[in-house]
Structure formats: C-alpha cells, structure tokens
Amino acid sequence: MFTDASEDTQTVTKKQTKAWSVPPQWVGVNGGISTTSSGALAWGRGSVPEIAKNRLDWAEKADFIIGFAVSLEQVHGTRIVEVTAANGGAGFLDPATRISATDGLFTRDPNVVLLTSHADCAPVFLYHPQARSIGLIHAGWRGTLAGIAASAVTTQCRAHDLRPCDLLVAIGPTIGTVNYPVGEDVAAQFVAKFGPNVVTRYAGCPHLDVYAALIVDLLRAGVTDARNCPRPPDTFANPIWSSYRRDGERAGGMLAYFNLTSSMSE
C-alpha cells in the first residue's frame, strides 16, 4: 500500500505514502487499499499465523487500531450489514470471527474501521459527509451482476435516513476491461442488465467492464456523484496490485479500509 523509492519499505512505516486512497477532498475520512508489498492478506492465501502477522504489520503502516477493524466472510453476494464498535476486531486476526456471508459494511461509528479483501474485485467506498456515514463493499462480477452497489446504497440510506444523491463514491483498484475476458453467457447477462457499454470485444471475445457496470448501478440507485468517479487502476496490469486472474492461487489478496477520522480515539 505504501511506496517511497527513497526509503526502505521494510523498515519505514508511517513515513510511507499511500499508493491509492479515497479522494483527498473527502474531509473527515481515511481510506485506501494495500499493495502486494504488504504480503498475503486475504484468509486462505496462507496459514492463519502468516496472514495474521501480515495484517498486524499492515495495520501499523495504515495507522489504525486493530481493535476497531471489522472484516467479513465474502461470498460474492449482496448482503450489507451495519456495524458498530461492538463488532470491533471481528475477523481481523481470526477468520472464524468474521461477519458471516456478507459483502458490504456501513457505519456511523468513529471507532470502526471497515475492511474488505480483494484480488481483482472492486472495493467501492460510499460516503455522506454531513451525516458522517460510510460504507465499503466488495464487488466481483457476481455481486455486481446481482446489484450489490444499488443494494448497499439503499440499505445505508434507509438505515441512516439519507438521500442517495448526497452520497459520494470512489472505486478502488479492480481488473480492467482489456484484461477481463468472460464467457458469452456472462457478457449477455451484463448487457441485459446494464446496457451494451459494459462489454467490449477484443479479437471477437467479450471483455467485461466491471467499473462501468458499477457506475450504471450506482446512477440508477440515485448516486449522482458516480458521474464524477474516476476509473481506478487495473489490478491485472500492475504487479503492485493483487490479481487472481494474473496470479491464480499465488494472489495474496489486498485489504481495503475505510474509517471516520475526526473522532477516532487513540
């Protein structure tokens, strides 16, 4: 997550700079995503002690308290759950304690750090500055097709009495269209749901644009800021990002995080 050519990245932590973070104009929040330099971070990509150690090292670099972290058992579904400090620590050092069968979290609690893991699937960050409400989702092709982005918007807005048009959105590193060939059946389902612009053909083969599908889903859900959301880095194209399509079982997985900052206690 942190790169600085002038520093020893094995020993320098808080001096390092973020490779990807939420938009700088988002005052009052902190968020970003790790890189492969942090080692394997997703459960199942190594032994539990190895992953736990990597997570502890990464949390120090990201400068957050591990007792505030809440992570989940991602199943490529659309379940979205509100969490508070009572959930603090869930799943961070022990996969058995993750929030079960869930792919999105939201909170208003400043003593919570939302976490999701990724290796090509998109992290989607939702933020309402006035209400101080944040959400983070894990969106692979299955979740995207099932409408996880719209589901997250609807669930968060209903719970916190928000208007979707007041939400801000950012999408973190995810696999790019040119590197994401899919079968004709998957392509047809995406075109039917999101329109023809979410699939591009290269050498006659359909390639999926998950980012474009997410933008369509967010706009339909009323998140007008989705029009301003820049296309994220392509995980497949750059080895600093974890990519299952590129590396298969050797892909260690990255962690995305999101938290409110102004009331964070130390």
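Our subject is the structure listed above.
Here the structure is a predicted model, which is why all the values come from computation and not from measurement.

(A) A look at the overall build of the chain. When its secondary structure is counted, the chain shows six helices and eleven strands. Seen through its principal axes, the chain has C-alpha atoms that stretch 50 × 40 × 35 Å. Within the chain, counting contacts between residues at least 6 apart in sequence, those at least 24 apart form 68% of the total. Just so you have it, the chain exposes about 11,100 Å², and 51% of that area is on carbon and sulfur atoms.

(B) Examining the sheet that holds strand S6 (residues 122–128) more closely. Taken together, the five strands give an open sheet; going across it, the order is S3-S4-S7-S6-S8, and neighbouring strands pair in mixed fashion. This sheet does not close on itself; its edge strands, each paired only once, are strand S3 (80–82) and strand S8 (168–171). Each strand of the sheet is rotated relative to its neighbour by a mean of 15°, with strand direction disregarded. The sheet contact formed by S3 and strand S4 (residues 104–107) spans three bridges and is parallel. Along S4, the bridge assignment pairs Glu-82 with Phe-106. Relative to the sheet, helix H3 (residues 148–160) contacts S3, S4, S6 and strand S7 (133–139), its axis offset from that of S7 by approximately 160°.

(C) Main features of helix H4 (residues 184–194). Looking at H4, one finds that the buried residues are Val-186, Ala-187, Phe-190 and Phe-194. One side of H4 carries all its buried residues, which in axial view fall inside an arc of 100°. Structural note: H4 exposes Asp-185 and Ala-192 on the side pointing more than 90 degrees away from its buried face. For H4, the elements touching its buried residues are helix H2 (141–146), strand S9 (199–202), strand S10 (205–208) and helix H5 (210–220).

(D) Main features of the packing of H3 against H5. Between H3 and H5, the least distance of the axes is 8 Å, while the angle of their chain directions is 35°. The hand of the H3/H5 crossing is right-handed. Along its contact with H3, which presents Ile-148, Ala-149, Ala-150 and Val-153, the element H5 presents Leu-214, Asp-217 and Leu-218. Class assignment of the residues belonging to the contact of H3 with H5 gives a composition of six nonpolar, no polar and one charged.

(E) Here's a closer look at the environment of Pro-206. For Pro-206, the position within the fold is in strand S10. With a relative accessible area of 3%, Pro-206 lands in the buried category. For the pair Pro-206 and Cys-157, spaced 49 residues apart in the sequence, the C-alpha separation amounts to 35 Å. When neighbours within four sequence positions are excluded, Pro-206 is seen to be in contact with Tyr-180, Pro-181, Val-182, Gly-183, Glu-184, Ala-187, Val-199, Thr-200 and Arg-201.

(F) Representation of the nonpolar core within the structure. If you look at the biggest cluster of nonpolar residues, it comprises 40 residues, and the most contacted ones within it are Val-124, Val-153, Val-169, Ile-171, Phe-190, Leu-214 and Leu-218. Taken together, the elements giving at least two residues each to this core come down to S6, S7, H3, S8, H4 and H5. With seven residues, the single largest contributor to this core is H5. Not counting chain neighbours up to four residues away, the residues in contact with Val-169 comprise Trp-26, Val-124, Phe-125, Leu-126, Leu-218, Val-223, Asp-225, Ala-226 and Cys-229. Grouped together as the second largest cluster of nonpolar side chains are 24 residues, Trp-26, Val-29, Val-81 and Ala-90 included.

(G) Focus on the pairing of strand S5 (residues 113–118). Counting buried positions over the six residues of S5 gives six, a clear majority of the element. Burial along S5 is two-sided: the face carrying Val-113, Leu-115 and Ser-117 and the face carrying Leu-114, Thr-116 and His-118 are both buried. Where strand S2 (residues 69–70) meets S5, two bridges bridge the pair, whose relative direction is parallel. Within S5, the residue paired with Ala-69 across the bridge is Val-113.

(H) A look at the sheet that holds strand S11 (residues 254–260). Spatially, four strands are ordered S1-S11-S5-S2 in an open sheet, and the strand pairing comes out mixed. The open sheet has two edge strands, strand S1 (29–33) and S2, and neither has a second partner. Those strands touched by helix H1 (residues 48–62) are S1, S5 and S11, and its axis lies near 40° from that of S11.

(I) Summary view of the pattern of salt bridges. According to the stated counting rule, one finds seven salt bridges in the structure shown. Notably, a salt bridge pairs Arg-201 with Glu-184, separated by 2.7 Å at the nearest N-O pair. Of the two residues, Arg-201 is situated in strand S9 and Glu-184 in helix H4; the sequence distance between them amounts to 17 residues. Owing to a relative accessible area of 48%, Arg-201 belongs among the partly exposed residues under this scheme.

(J) Representation of the pairing of S9 in the model. As paired strands, S9 and S10 are joined by four bridges and run antiparallel to one another. Considered in S10, the bridge of Arg-201 is made with Pro-206. In sequence, S9 turns back onto S10 through a hairpin of two residues, with Ala-203 there showing a positive phi of about 50°.

Rules behind the numbers
- Residues numbered from 1 in each chain as written.
- Predicted model: local features only at pLDDT ≥ 70, side-chain atom pairs only at ≥ 80, totals over all residues.
- Heavy atoms only, no water.
- Helix = DSSP H or I, 4+ residues; strand = E, 2+ residues; numbered from the N terminus.
- Contact = heavy atoms within 4.5 Å.
- Areas by Shrake-Rupley, 256 points an atom, 1.4 Å probe, with all protein chains shown as cover.
- Pairing = 2+ DSSP bridges.
- Axes fitted to C-alpha atoms, helices over the stretch in contact; angles between N-to-C directions.
- Buried < 20%, exposed > 50% of the residue type's maximum accessible area, 1.4 Å probe, protein only.
- Arc of directions from axis to C-beta.
- Left-handed = near helix turned anticlockwise from the far one by under 90°.
- Nonpolar A, V, L, I, M, F, W, Y, C, P; charged D, E, K, R; others polar.
- Core = buried A, V, L, I, M, F, W, Y, C linked by side-chain atoms within 4.5 Å.
- Salt bridge = Lys/Arg side-chain N within 4 Å of Asp/Glu carboxyl O.

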